[in-house]
Amino acid sequence: MAQVITVTSGKGGVGKTTSSAAFATGLAQRGKRTVVIDFDVGLRNLDLIMGVERRVVFDIINVITGEAKLNQALIKDKRVDGLYILPASQTRDKDALTHEGVGKIIEELAKDFDYILCDSPAGIERGALHALYHADQAIVVTNPEVSSVRDSDRILGVIQSRSKRAEEKREPVKQHLLLTRYDPVRVERGEMLKLEDVLEILAIPLLGVIPESESVLKASNSGNPVILDNESTAGQAYADAVARFLGEDRPQRFLEVEKKKGLFGRLFGGRAA
Amino acid sequence: MTAAAQQHVLPGADAFRLRAGNFSILVLRLLDGRPEVVLPALGDQFRRAPGFLRFAPIAIGLDDLNLTPAEVDFPGLVAGLRALDIVPMGVVGGSPALRQAAAAAGLSALRPSGAEKEIEPAPAPVEAAPPIPGPDFRGTGRTAMIVTQPVRSGSRIYAEGADLIITATVNAGAEVIADGNIHVYGALRGRAVAGAADNPEARVFALNFDPELIAIAGFYAVREGLSAAPIGRTVMVRLDGESLRFEKL
């Protein structure tokens, strides 16, 4: 049975698309046939982060309106086997998504894939509702700051009440917390919320903590999901999160301030790469 | 309670809110189905007690009428009562056929919530009215609504006619409302409105008291005004006259 995973957050700019790209890539690296769908119709970004923007011919709206077949719109990743991207349309808006259209696409993909990742747009309106409606599991991406936590709390409530599972009174959507852009230095200074505080408010299981890292921006700009960067702490943290998602037991890393920084590091005060 | 306070309890939300309310209402028990008999008699009564029935909402009691629907002129009665400035709201009791005929004249069947009291000068009934079949919410044992999941930002829970017990946190941006007491066995960070059906005896209990707003029976306090309250402690809130009291437990 294919699992539909929605990556969502409520708030914008917290790292949904980065996390979707990394997670989808990580699942494919571990041999799972994975497709990642960009639901942010009108603000297409996932193709950039995945580095396939020059190969987009058709998009999800073309499939919904019947202008293209699903396999014409799917873009195969060249780096990792079994990884496909279904891009959003940049020229349309979220009203072009229909309930039946999305349902049919998910149904068709479910025959062929192990995991269907839905990269949700920000907000709690139409686009986000389409992205979460079919979810079996949800990864809620949150930054350690008050507004992000509150919006995540809101979207958790929306998932509980507006998903297909909720409507059909089935077992509720399994929810995971992915805390991104975590900066232990700023947490220690009291400028960011502590992991424990976020967990206490949201009260869902923790999938992983992704440390703030310059490699994320670099990866985005170059179109390489950060999980492919084995050197970066963020990449390693995403790999841990994917492993945990698949049932492996891995301890949390990157929660503490790096104590043993060399002379070079101290001189330049750089953050973890 | 002040109207202004009530208005500000939940600002800017909806255009209306549906609430259960209990009202006493006069019951006009008919002993005759003919308007030409009932209305003049009522007119006599009306003159003897000026203002007693003017614009009063009444229910028409059908239990003493042993008639077929054809023998009762409901539209005529409604028109006649309205002409006397009496406002018929619905009917109580009677046979299903009678209630149906009344419904056709725009009189819905009312369900008494307690023992029906005799209103002078209505004539004494021969025997007590039998209970009306249909849903009865008394004695269903629902005295509290229990919520075990966190109440998330943007969600609203209303325990109608009951206490509300929450065994998780109420997060900022969430709203919990009860006609009775509210118990939060976790952190209360959202809004809590107890005694929503105007019950000044209602109280709010929270293990970790950190609310955005607290209201009891329409008297409220927002967080800004709570600086003196024991924030972060286990607290009971009650209404003392017109002010909220916060007591550490």
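Residues numbered from 1 in each chain as written. Chains lettered and ligands numbered in written order. Predicted model: local features only at pLDDT ≥ 70, side-chain atom pairs only at ≥ 80, totals over all residues. Heavy atoms only, no water.

Caption draft 1: Fine view of the overall build of chain B. Helices and strands together make up the secondary structure of chain B, namely 4 helices and 15 strands. Split into buried and exposed, the 249 residues of chain B put 38% on the buried side. Considering only contacts in chain B between residues 6 or more positions apart, those separated by 24 or more positions represent 41%. Counting every atom, chain B has about 13,600 Å² of accessible surface; 55% of that belongs to carbon and sulfur. (Helix = DSSP H or I, 4+ residues; strand = E, 2+ residues; numbered from the N terminus. Buried < 20%, exposed > 50% of the residue type's maximum accessible area, 1.4 Å probe, protein only. Contact = heavy atoms within 4.5 Å. Areas by Shrake-Rupley, 256 points an atom, 1.4 Å probe, with all protein chains shown as cover.)

Caption draft 2: Geometry of the overall build of chain A. Counting its secondary structure elements, chain A contains 13 helices and 8 strands. Counting every position in chain A, which comprises 273 residues, the buried fraction comes to 54%. A separation of at least 24 residues holds for 74% of the contacts in chain A among residues at least 6 apart in sequence. Surface summary for chain A: the accessible area is close to 12,900 Å², and the carbon and sulfur share equals 49%.

Caption draft 3: Structural context of the interface of chain B and chain A. On the chain A side, the residues contacting the 11 residues of chain B number 11 residues. Where chain B abuts chain A, roughly 880 Å² becomes buried across the two surfaces, and 38% of that area is made up of carbon and sulfur atoms. For the chain B face of the interface with chain A, the top three residues by lost area are Arg-152, Ser-153 and Arg-189 of chain B, together amounting to 57%. Between the two partners, chain B and chain A, sit 3 salt bridges. The shortest N-O distance in the salt bridge between Glu-200 of chain A and Arg-189 of chain B comes to 2.5 Å. Here chain B and chain A share 7 residue pairs in polar contact (both at pLDDT 80 or more) between them. Classifying every residue of the side of chain B that touches chain A by side-chain character gives 3 nonpolar, 5 polar and 3 charged. (Buried area = accessible area lost by both parts, 1.4 Å probe. Salt bridge = Lys/Arg side-chain N within 4 Å of Asp/Glu carboxyl O. Polar contact = N/O pair within 3.5 Å; in protein donor to acceptor, adjacent residues only side chain to side chain. Nonpolar A, V, L, I, M, F, W, Y, C, P; charged D, E, K, R; others polar.)

Caption draft 4: Seen up close, the pattern of salt bridges. Residue and element names in this part refer to chain A. Here the structure, examined in full by the defined rule, presents 24 salt bridges over all chains. Arg-170 is paired through a salt bridge with Glu-168; the nearest N and O atoms lie 3.0 Å apart. Here the residues in one salt-bridge network are Arg-30, Asp-240, Glu-248, Arg-250 and Arg-253, joined through shared partners.

Caption draft 5: Layout of the packing of helix α6 (residues 126–133) of chain A against helix α7 (residues 146–162) of chain A. All names here are of chain A. At a minimum axis distance of 10 Å, the contact between α6 and α7 shows a crossing angle of 60 degrees. With respect to their mutual orientation, α6 and α7 come out oblique. As α6 runs across α7, the sense of the crossing is right-handed. Each of Leu-129, Leu-132 and Tyr-133 in α6 lies in contact with α7, whose residues at this interface are Ile-155, Val-158, Ile-159 and Arg-162. (Axes fitted to C-alpha atoms, helices over the stretch in contact; angles between N-to-C directions. Parallel < 35°, antiparallel > 145°, perpendicular 65-115°, else oblique. Left-handed = near helix turned anticlockwise from the far one by under 90°.)

Caption draft 6: Looking closely at the sheet that holds strand β1 (residues 3–8) of chain A. Residue and element names in this part refer to chain A. Taken together, 8 strands build an open sheet; the order of strands is β3-β4-β2-β5-β1-β6-β7-β8 and the sheet is mixed. Only two strands of the sheet have a single neighbouring strand rather than two, namely β3 (75–76) and β8 (206–211). Bridge count for β3 against strand β4 (residues 83–86) is 2 bridges, and the pairing is antiparallel. Following the sheet pairing, Ile-75 is matched in β4 by Ile-85. Lying over the sheet, helix α10 (residues 195–202) contacts β6 (137–142), β7 (174–182) and β8, oriented at roughly 150 degrees with respect to β7. (Pairing = 2+ DSSP bridges.)

Caption draft 7: Structural context of the side chain of Thr-18 of chain A. Within the secondary structure, Thr-18 of chain A is located in helix α1 (residues 16–29). Judged by relative accessible area, Thr-18 of chain A falls into the buried class, the value being 15%.

Caption draft 8: Just the pairing of strand β2 (residues 57–61) of chain B, in detail. Residues and elements named next belong to chain B. Counted residue by residue, β2 has 4 buried out of 5 residues, so it is predominantly covered. Sheet topology note: the strand β1 (residues 26–29)/β2 ladder contains 4 bridges and is parallel. For Leu-26, the partnering residue across the bridge sits in β2 and is Ile-58. In terms of strand pairing, β2 meets strand β3 (residues 87–92) through 5 bridges, oriented parallel.

Caption draft 9: Representation of the confidence of the model for chain B within the structure. Residues and elements named next belong to chain B. Residues of chain B with pLDDT of at least 70 account for 76%, and the chain-wide mean is 78. Counting interchain partners and residues more than four positions distant, the pLDDT-below-50 stretch residues 114–140 has 23 contacts. For this predicted complex, the interface score ipTM comes out at 0.70, while the overall pTM is 0.66. (pLDDT = per-residue confidence, 0-100.)

Caption draft 10: A negative patch on the surface, seen in detail. Residue and element names in this part refer to chain A. Among the surface-exposed residues, Glu-188, Glu-196, Asp-197 and Glu-256 lie close enough to one another that they form a single negatively charged patch. Its location among the elements puts Glu-196 in helix α10. Its relative accessible area of 47% is what places Glu-196 among the partly exposed residues. (Patch = residues over 30% accessible without salt bridge, like charges linked within 9 Å, V, L, I, M, F, W, Y side chains within 5 Å. Lys, Arg positive; Asp, Glu negative; His and termini not counted. Charge placed at Lys NZ, Arg CZ, Asp CG, Glu CD.)

Caption draft 11: Fine view of the sheet that holds strand β15 (residues 243–248) of chain B. All names here are of chain B. In space, the 6 strands of this open sheet follow the order β5-β7-β9-β11-β14-β15, with mixed pairing throughout. Looking at which strands have only one partner, the edges of the open sheet turn out to be β5 (144–147) and β15. Geometrically, the sheet is characterised by an average inter-axis angle of 25 degrees between neighbouring strands, direction not taken into account. One ladder, built from 3 bridges, connects strand β7 (residues 163–166) with strand β9 (residues 182–188); its direction is parallel. Bridged to Leu-164 within β9 is Ile-182.

Caption draft 12: Focus on helix α4 (residues 96–104) of chain B. All names here are of chain B. All of the buried residues along α4 are Leu-98, Arg-99 and Ala-102. All buried residues of α4 project into a common sector of 100 degrees when viewed along the axis, lining one side. For α4, the exposed residues set more than 90 degrees away from the buried face come down to Pro-96, Gln-100 and Ala-104. Among the structural elements, α3 (74–83), β3 and β4 (108–109) are those in contact with the buried residues of α4. The positive-phi residue at the C-terminal boundary of α4 is Gly-106, with phi of around 85 degrees. (Arc of directions from axis to C-beta.)

Caption draft 13: Up close: the packing of aromatic side chains. Residue and element names in this part refer to chain A. For the structure shown, the criterion picks out 4 aromatic pairs over all chains. Between Tyr-115 and Phe-245, the aromatic rings sit 5.9 Å apart at their centres with planes inclined by 65 degrees, giving edge-to-face as the arrangement. Here Tyr-115, found in strand β5 (residues 115–119), pairs with Phe-245, found in helix α12 (residues 233–245); they are 130 residues apart in sequence, far enough to count as distant. Residue Tyr-115 is classed as buried on the basis of its relative accessible area, which comes to 13%. (Phe/Tyr/Trp six-rings, centres within 6.5 Å; stacked < 30°, edge-to-face > 60°.)

Caption draft 14: A look at the environment of Leu-179 of chain A. Residues and elements named next belong to chain A. Within the secondary structure, Leu-179 is located in strand β7. Leu-179 gets classed as buried once you look at its relative accessible area, which sits at 0%. Residues Leu-179 and Pro-211, spaced 32 residues apart in sequence, show a C-alpha to C-alpha distance of 8.4 Å. Leave out the neighbours within four places in its chain, and Leu-179 touches Thr-142, Asn-143, Pro-144, Leu-195, Val-198, Gly-208, Val-209 and Ile-210.

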